[in-house]
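# Summary of the model geometry
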Amino acid sequence: MNGSLDMDSSSENNSIVHLSEPILPENITIIRTRNGSLTEGQMFLNTITAQALSGIFVWSALLITCHQIYTHLRSYTVPNEQRYIIRILFIVPVYAFDSWLSLLFISNDQYYVYFDSIRDCYEAFVIYNFLSLSFEYLGGESAIMSEIRGKPIQSSCLYGTCCLVGMSYSIGFLRFCKQATLQFCAVKPIMAAITIILQAFGKYHDGDFNVNGGYLYITIIYNFSASLALYALFLFYFATSDLLRPYEPVLKFLTIKSVIFLSFWQGMVLAILERCGVIPNALVIEGHEVGAGTVAAGWQNFIICIEMFFAAIALRYAFTCTVYQEKKNDVPENLPPMQSISSGLKETINPGDIVQDAIHNFSPAYQQYTQQSTQEVTQPSTNGKVATGNKSSRKSDKIMLITSDDEF
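Think of each chain on its own: its residues are numbered from 1, step by step along the sequence as written. In keeping with the model being predicted, local features are shown solely for residues with a pLDDT of at least 70 and side-chain atom pairs are shown and tallied solely at 80 or more, while totals for entire chains, interfaces and linings include all residues. Only hydrogens and water are removed before side-chain values are computed, so all heavy atoms of the structure are retained for them.

### Description of unusual backbone geometry
What is expected of a backbone is that most residues other than glycine have negative phi and most peptide bonds are trans. Basically, it comes down to this: Helix numbers and strand numbers start at the N terminus; a helix is a DSSP run of H or I with at least 4 residues, a strand a run of E with at least 2. Here's how the labels work: a residue is buried when its accessible area is under 20% of the maximum for its type, exposed when over 50%, partly exposed in between, all with a 1.4 Å probe on protein chains only.
For Glu248, which is not glycine, the phi torsion reads 50° and is therefore positive. With respect to the secondary-structure elements, Glu248 resides in the loop between helix 7 (215–244) and helix 8 (249–275). A relative accessible area of 53% places Glu248 in the exposed class.

### Re the packing of aromatic side chains
Operational definition: Stacked, tilted and edge-to-face are the three classes assigned to paired rings of Phe, Tyr and Trp, where Trp is represented by its six-membered ring and a pair needs centres within 6.5 Å; plane angles under 30 degrees give stacked, over 60 edge-to-face, the rest tilted. Charge-over-ring placement is defined geometrically: NZ (Lys) or CZ (Arg) within 6 Å of the ring centre, and within 35 degrees of the ring normal.
Going through the model one piece at a time under the given rule, you end up with 20 aromatic pairs. Summarising the aromatic geometry, the rings of Tyr122 and Phe125 are spaced 5.4 Å apart at their centres and angled 55° between planes, so their arrangement reads as tilted. Residue Tyr122 and its partner Phe125 are both found in helix 4 (residues 112–137); the two are separated by three residues, about one turn of the helix. By the ring-pair criterion, three or more aromatic residues cluster together here, those being Phe130, Phe234, Tyr237 and Phe253. When the ring centre of Phe319 is taken as origin, the NZ or CZ atom of Lys252, which lies over that ring, is 5.5 Å away.

### Some thoughts on the side chain of Thr47
For clarity, the threshold we go by: By the criterion applied in these results, polar contacts are pairs of N or O atoms within 3.5 Å in which, for protein atoms, one can donate a hydrogen and the other can accept it, and in which residues neighboring in sequence qualify only through two side-chain atoms.
Its place among the elements puts Thr47 in the loop between strand 4 (38–40) and helix 1 (48–74). A distance of 2.5 Å separates the side chain of Thr47 from the backbone oxygen of Phe44, its partner in a polar contact.

### Some points on the pattern of salt bridges
We count it as follows: The term salt bridge refers to a pairing of a side-chain nitrogen on Lys or Arg with a carboxyl oxygen on Asp or Glu at a separation within 4 Å.
Per the counting criterion, the structure on display carries two salt bridges. Note that Arg119 and Asp98 form a salt bridge whose closest N and O atoms lie 4.0 Å from each other. Of this pair, Arg119 sits in helix 4 while Asp98 sits in helix 3 (residues 91–104), placing them 21 residues apart in sequence. Note that Asp242 and Arg245 form a salt bridge whose closest N and O atoms lie 2.9 Å from each other.

### Quick look at the confidence of the model for the protein chain
How we decide: As a per-residue measure, pLDDT reflects the predictor's confidence and takes values from 0 up to 100. Whether two residues touch is decided by their heavy atoms; if any such pair falls within 4.5 Å, the residues are in contact.
Taken as a whole, the protein chain shows an average pLDDT of 75; of its residues, 73% reach a score of 70 or greater. Taken element by element, the predicted model of the protein chain shows its lowest mean pLDDT in strand 8 (residues 379–380) (39) and its highest in helix 1 (93). Taken together, the stretch residues 1–22 has pLDDT below 50 and engages in 44 contacts with residues farther than four places along the chain or on a different chain. Contacts for the low-pLDDT stretch residues 367–405, under 50 throughout, to residues beyond four places or in other chains number 75 contacts.

### Here's the deal with the packing of helix 6 (residues 171–200) against helix 12 (residues 352–362)
For clarity, the cut-off: Every angle, taken between N-to-C directions, lies between 0 and 180 degrees, and every axis is a line fitted to C-alpha atoms, over only the stretch in contact when it is a helix. The cut-offs work like this: below 35 degrees is roughly parallel, past 145 is roughly antiparallel, 65 to 115 is roughly perpendicular, and the gaps in between are oblique. Should the near helix be turned counterclockwise from the far one by less than a right angle, the crossing is left-handed, whereas a clockwise turn marks it as right-handed. Note on residue classes: Ala, Val, Leu, Ile, Met, Phe, Trp, Tyr, Cys and Pro are nonpolar, Asp, Glu, Lys and Arg are charged, and everything else, Gly too, is polar.
Close contact between helix 6 and helix 12 brings their axes to 10 Å; oriented N to C, the two are set at 130°. Classified by the interaxial angle, the pair formed by helix 6 and helix 12 is oblique. When you trace helix 6 past helix 12, the crossing you get is left-handed. Contacts from Arg175, Lys178, Gln179 and Leu182 in helix 6 reach Asp357, Ala358, Asn361 and Phe362 in helix 12. By residue class, the composition of the contact of helix 6 with helix 12 is three nonpolar, two polar and three charged.

### Focus: the environment of Cys163
Structurally, Cys163 can be placed in the loop between helix 5 (141–148) and helix 6. Judged by its relative accessible area of 59%, Cys163 falls in the exposed class. For the pair Cys163 and Ile153, spaced 10 residues apart in the sequence, the C-alpha separation amounts to 10.0 Å.

### Some points on the packing of helix 7 against helix 8
As a packed pair, helix 7 and helix 8 sit with axes 12 Å apart at the nearest point and diverge in direction by 165°. Classed by the angle they form, the pair helix 7 and helix 8 counts as roughly antiparallel. Judged by the twist between their axes, the crossing of helix 7 over helix 8 is left-handed. Residue-level inspection shows Tyr215, Thr219, Tyr222, Asn223, Ala226, Leu230, Leu233, Phe234, Tyr237 and Leu244 of helix 7 in contact with helix 8, the latter providing Pro249, Val250, Phe253, Lys257, Phe261, Phe264, Trp265, Met268 and Ala271. Of the residues in the contact of helix 7 with helix 8, the class split is 16 nonpolar, two polar and one charged.

In structure tokens, the structure reads:
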């Protein structure tokens, strides 16, 4: 083998190998075995087989999900619900394609960190949209409060309400649930940006729990933020499970939870396994130096590519379009199909409602009002049929003043 390997003894995690001239061949891969010796070999992750196998699952997941999104846009009869559903469904294309790209570029200076940052930001967005969809199912904050306000919070260790004994549901409870998910939407992009900055300065490596690196602190902050968001979802479901039963929330909740939170813990376990030597630590992949955690992140991306195929199937059953297709039969089509689809997609990707909701929930005046659901108003047209689908038929958010003397 041309060239020699010079280990950097000053590096505490011994994760980087500095290659002396001449440059190693492009197809060489150097792996550190469990006993610390260096061997030249090939990893499964950077083989054509791994890339093709993961690609088959990814493109299959994309076809399933894109078809489901298309059917929702063709039957875009309840925008205030389907807006959130489509945003949730986009998690499969984002996760699958992002992970596949990360796997394809596994040897290119840890590009996977930048790809995964996009995926991480979107997962926080999905958590918010799932909670907002649950609000819409129940008719908005005012409708929810009319059902649960004043009822005592039952003690349950399973749902983490054992510390809330003696308290009752109030408008502050809904505010906490929304704020807990919104904070995750803010924390995740910030952590992603910090990760990219630390990566540029060589201070971030997956699975490196060294106190001088950034992985440990980012993981702690992320765990706290994600746990708080998950706790809020648990609390909301515990309070409204009876009201949500007609909408079959269990499958929806478990699918979203599995995709987002289990994938995170899966990645952490893989990083620890690499750190412990169970997963070989690659120092050079196809002639490029790579840092600690690259192989673990590669396996994480490969597994996610496979998992997204099954997630696409689960989401297809969890967020079926049947009920909206039935409603479409009662509504005349005032717009050409493609124009209707494009307008629905435009409304879906418009983040204005998120900004408005964030302002609403963090406003100091929140305790004086709740926000009513923005359901469409259906008015009979001149021919006696129901008219919908235009701006004039929609009403803006209603604000219902209530007396709020309690906080959660």
